[in-house]
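# Per-entry structural report
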Amino acid sequence: MTQSTLSPEPFAILAMPRTGTHYLEECLNEHPNVLSNGELLNTYDTNWPDQERLLLSDRELLERAFMRYPLRSDKKVTHVGCKINEPQFQERPGFFAELAAWPGLKIILVIRRNTLESLRSLVQARQTRQWLKFDSDNAAPPPPVTLSVATCEAYFKAADDFHARVVNAVDSTKIHLIEYERLLRDPHACVATILDFLGASALQLSDRGILRRQEMRPLDQTVRNFHELRVHFAHGPYARYFELGNELARFV
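Structural notes, computed from the coordinates.

Scoring rules and cut-offs
Residues numbered from 1 in each chain as written. Predicted model: local features only at pLDDT ≥ 70, side-chain atom pairs only at ≥ 80, totals over all residues. Heavy atoms only, no water. Helix = DSSP H or I, 4+ residues; strand = E, 2+ residues; numbered from the N terminus. Buried < 20%, exposed > 50% of the residue type's maximum accessible area, 1.4 Å probe, protein only. Contact = heavy atoms within 4.5 Å. Areas by Shrake-Rupley, 256 points an atom, 1.4 Å probe, with all protein chains shown as cover. Pairing = 2+ DSSP bridges. Axes fitted to C-alpha atoms, helices over the stretch in contact; angles between N-to-C directions. Salt bridge = Lys/Arg side-chain N within 4 Å of Asp/Glu carboxyl O. Parallel < 35°, antiparallel > 145°, perpendicular 65-115°, else oblique. Left-handed = near helix turned anticlockwise from the far one by under 90°. Phe/Tyr/Trp six-rings, centres within 6.5 Å; stacked < 30°, edge-to-face > 60°. Lys NZ or Arg CZ within 6 Å of the ring centre and 35° of its normal.

Assigned secondary structure in the chain consists of 10 helices and 5 strands. Within the span of the chain, comprising 252 residues, buried residues form 50% of the whole. The long-range share in the chain, meaning contacts at least 24 apart out of those at least 6 apart in sequence, stands at 76%. Here the chain displays about 12400 Å² of accessible surface, and carbon together with sulfur accounts for 51% of that area.

Below you can see the structure in the form of structure tokens.
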């Protein structure tokens, strides 16, 4: 069943990959009036029963997300959203502009302070095909990865460009910034600020099904050629990503 009569307030969660958006969405979906339907542009997202939706035009796809979205019987939806990661915009070049122009849209922009951590996590997840970790998981940490200079440079620039693009495309009152590190440290406070931003009522999170980081070791133990990369980036704008001993990037 899909919604066709009500007009809930739309929002989108935007981020680079591996920045905690799945966890954030799970938290928001505990709210009885907030519904976020996963990755709109992901063919395999089970929140969407129709893979053929990706054959729609950009405008039609957004109508599907915000006006004809899948219903949940336990919710009276007043705020409806989805999440989109930066690489998915590359597959649909005109989609970002269409999204940014959507009437009344509010954007939750999730940023990870250390973009190298995001890249390392993405490569690990692709190699192991393990994307999520819950409290009950006792699996061994994923194996270290090797990253090329070119891969790092391209990813760092893509993150900078994406964040700037989002901030420059939408009025500042329509964007709410969430840091991945704070989301892990204090999800209750983060969700409270988001609900206030959306105009939804307050919520006490249940703490059920909490996600955990799959990798807790420092970067010099998880990136095989870390020191080589550190030397290369030592005198540029990305040197900060190679600073060790930053506990803010490695807490549970």
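Further notes follow.
Let us look at the sheet that holds strand β4 (residues 106-111). One open sheet accounts for 5 strands, arranged β2-β3-β1-β4-β5; its pairing is parallel. The open sheet has two free edges, formed respectively by β2 (34-39) and β5 (175-179), since each of these has just one partner strand. Within this sheet the neighbouring strands show an average axis-to-axis angle of 20 degrees, counted without direction.

The subject of this paragraph is the pattern of salt bridges. Under the criterion given, the structure shown has 10 salt bridges. Between Arg-64 and Asp-50 there is a salt bridge, with the nearest N and O atoms lying 2.9 Å from each other. Of this pair, Arg-64 sits in helix α2 (residues 58-66) while Asp-50 sits in the loop between β2 and α2, and the two are 14 residues apart along the sequence. As far as burial versus exposure is concerned, Arg-64 and Asp-50 are alike and both buried. One salt bridge connects Asp-74 with Arg-72, and the closest N-O pair in it is separated by 3.1 Å. What makes Arg-72 partly exposed here is its relative accessible area of 34%. Connected through shared salt-bridge partners, Arg-112, Glu-117 and Arg-120 make up one network.

Attention shifts here to the side chain of Arg-92. Within the secondary structure, Arg-92 is located in the loop between α3 (86-91) and α4 (95-100). Taking the relative accessible area as the measure of exposure, Arg-92 reaches 14% and is therefore buried. Apart from the residues lying within four places of it in its own chain, the contact partners of Arg-92 are Leu-41, Leu-54, Leu-56, Ser-57, Asp-58 and Leu-61.

Here we take up the packing of helix α5 (residues 115-128) against helix α6 (residues 149-169). Packing of α5 against α6 leaves a shortest axis separation of 10 Å and a crossing angle of 120 degrees. Here α5 lies oblique to α6, going by the angle between them. Every pair of crossing elements has a handedness; the one defined by α5 and α6 is right-handed. Contacts between α5 and α6 pair Thr-115, Leu-116, Ser-118, Leu-119 and Leu-122 from the former with Thr-151, Cys-152, Tyr-155, Phe-156 and Ala-159 from the latter.

Moving on: the packing of aromatic side chains. How two aromatic rings sit relative to each other is set out by the distance from centre to centre and by the angle between their planes. Counted under the stated rule, the structure contains 12 aromatic pairs. On the numbers, 6.2 Å between centres and 40 degrees between planes, the contact of Phe-89 with Phe-95 is tilted. For the pair shown, Phe-89 and Phe-95 are each scored as buried. With centroids separated by 6.4 Å and ring planes inclined at 70 degrees, the aromatic side chains of Phe-233 and Tyr-238 adopt a geometry described as edge-to-face. Classification of Tyr-238 as buried rests on a relative accessible area of 14%. Among the aromatic residues, those joined into a ring-pair cluster are Phe-156, Phe-226, Phe-233, Tyr-238, Tyr-241 and Phe-242. The ring of Phe-197 has Lys-106 lying over it, and the distance from NZ or CZ to the ring centre is 5.3 Å.

The next thing to look at is unusual backbone geometry. The residue Arg-18 is not glycine, and still its phi comes out positive at about 60 degrees. Relative to the helices and strands, Arg-18 is located in the loop between β1 (9-15) and α1 (21-28).

Let us now look at the pairing of β4. Remark: a regular strand shows side chains that alternate across the two faces of the sheet. The buried count for β4 comes to 5 of 6 residues, which makes it a mostly enclosed element. Of the pairings in the sheet, the one linking β1 to β4 comprises 5 bridges and is parallel in character. Residue pairing in the sheet places Ile-13 in a bridge with Ile-108 of β4. Both β4 and β5 contribute to a ladder of 5 bridges, which runs parallel. Looking at the pairing, Ile-107 lines up with Ile-175 of β5.

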